[in-house]
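In case you want the letters, here they are:
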Amino acid sequence: MGQAHQYLLPALNVLTYHDPFAWHEAKAGASYSAMYELASHGRLFIELLDETIEET
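Source: prediction; values computed, not measured.

Undergrad: For this particular structure, what's the right way to read helix 4 (residues 43–55)?
TA: Structural remark: α-helix, 3.6 residues per turn; residues separated by three or four positions point the same way. Look at helix 4: 19 Å from first C-alpha to last across 13 residues, which is about the 18 Å you get at 1.5 Å a residue. Among the residues of helix 4, those classed as buried are Phe45, Leu48, Leu49 and Thr52. Viewed along the axis of helix 4, the buried residues span an arc of 105 degrees, placing them on a single side of the element. The outward face of helix 4, more than 90 degrees from its buried face, is lined by the exposed residues Arg43 and Glu54.

Have a look at this one:
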């Protein structure tokens, strides 16, 4: 697991607290839209998301 994955964890933690159903969807790989909507306004999130996608 690359370093970028570690920086995406805070967004997942916030999602877990604010929208447990969306967290379960993300955990199951069914939908990541709630996490994206939560954090997509941040430039760093988008950069780290791109880096994570490139690593996989």
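Still to come is the rest of the account.
Undergrad: Any chance you could explain the nonpolar core here in plain terms?
TA: Grouped burial of nonpolar side chains is what soluble globular proteins tend to show. In this structure, Leu8, Ala11, Leu12, Leu15, Ala22, Met35, Ala39, Phe45, Leu48 and Leu49 together form the largest nonpolar core, which totals 10 residues. Ignoring sequence-local partners within four residues, the contact set of Leu49 consists of Leu8 and Tyr36.

Undergrad: Sorry if this is basic, but what is going on with the environment of Ile46 here?
TA: Structurally, Ile46 is set in helix 4. Assessed through its relative accessible area of 25%, Ile46 is described here as partly exposed. Once the C-alpha coordinates of Ile46 and Leu8 are considered, the two residues, 38 residues apart in sequence, prove to be 9.8 Å apart. With residues near it in sequence (within four places) discarded, Ile46 still touches Tyr36 and Ser40.

Conventions we followed
Along each chain, numbering runs from 1 in the same order as the chain's sequence is written. Per-residue local features are limited, in this predicted model, to residues with pLDDT of at least 70; the limit for side-chain atom pairs, both in listing and counting, is 80 or more; totals at the level of whole chains, interfaces and linings are taken over all residues. Heavy atoms from the whole structure form the basis of all side-chain values; hydrogens and water molecules are not counted. Starting at the N terminus, helices and strands are each numbered in turn, a helix being any DSSP run of H or I of at least four residues and a strand any DSSP run of E of at least two. A helix is expected to span 1.5 Å multiplied by its residue count minus one. Buried means the residue's accessible area, taken with a 1.4 Å probe over protein chains only, is under 20% of the maximum for its type, while exposed means over 50%, and partly exposed covers the values in between. Throughout, the arc means the angular range of directions from the helix axis out to the C-beta atoms. Take the buried Ala, Val, Leu, Ile, Met, Phe, Trp, Tyr and Cys residues and link them wherever side-chain atoms come within 4.5 Å; each set so joined is a nonpolar core. We call two residues in contact when some of their heavy atoms are within 4.5 Å.

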